[in-house]
Amino acid sequence: MGYTSPKVDRESRSIRRVDVFVHRQDGQEVAALLTNISNRGIQLKTSEKLDLNELVRIEVPRLGGVAARIRWTLGGLAGAELVPHSDVWELVRQSSDRT
């Protein structure tokens, strides 16, 4: 009898390759390649190390930007959870006000 992995209920993902910019809290702008997107998150490929739980703003040229939180990293890849209806810089200010 072979092993059968449990069925994972995953949301629909779209594989894309789009050049984007990741704006970090310290003002640094990092070039990245968006490689995968879903309703709740994206996968990025970048030569720069992104920090776990880091709040960033991801800008897509000619389309605008979105706030996101880095949830995982592996080599040159990173997964980010989108933060809907938010301004990443306002979130950063609020979290620094609490410390």
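By convention here, each chain's residues receive numbers from 1 onward along its written sequence. The model is predicted, so local features are restricted to residues of pLDDT at least 70 and side-chain atom pairs to those at 80 or more, both for listing and for counting; the totals for chains, interfaces and linings are taken over all residues. Calculation of side-chain values draws on the structure's entire complement of heavy atoms; hydrogens and water are dropped beforehand.

Asks: What am I meant to see in the pairing of strand β4 (residues 55–60) here?
Replies: Two strands qualify as a pair provided DSSP detects at least 2 bridges between them. Numbering goes from the N terminus for both helices and strands, where a helix is a DSSP run of H or I of at least four residues and a strand is a run of E of at least two. Relative to strand β5 (residues 64–74), β4 is paired through six bridges, and the arrangement is antiparallel. Bridge assignment links Arg-57 to a residue of β5, and that residue is Ala-67.

Asks: Looking at this structure, how should I read the pattern of salt bridges?
Replies: Between side chains of opposite charge, a pair can form when the charged atoms approach closely. Take a side-chain nitrogen of Lys or Arg and a carboxyl oxygen of Asp or Glu: if they are within 4 Å of each other, that pair is a salt bridge. Scanning the entire structure with this criterion turns up five salt bridges. The closest approach of N and O atoms between Glu-54 and Arg-24, which form a salt bridge, is 2.8 Å. Highlighted residues: Glu-54 in the loop between β3 (41–45) and β4 and Arg-24 in the loop between β1 (14–23) and β2 (29–37), separated in sequence by 30 residues. Each member of the pair, Glu-54 as well as Arg-24, carries the same accessibility label: buried. With a shortest N-O distance of 2.9 Å, Glu-59 and Arg-57 are connected by a salt bridge. Members of the salt-bridge network, linked through shared partners, are Arg-24, Lys-49, Asp-51 and Glu-54. The cut-offs for exposure are 20% and 50% of the maximum accessible area for each residue type, with area from a 1.4 Å probe on protein chains only; residues under the lower value are buried, those over the upper are exposed, and the others partly exposed.

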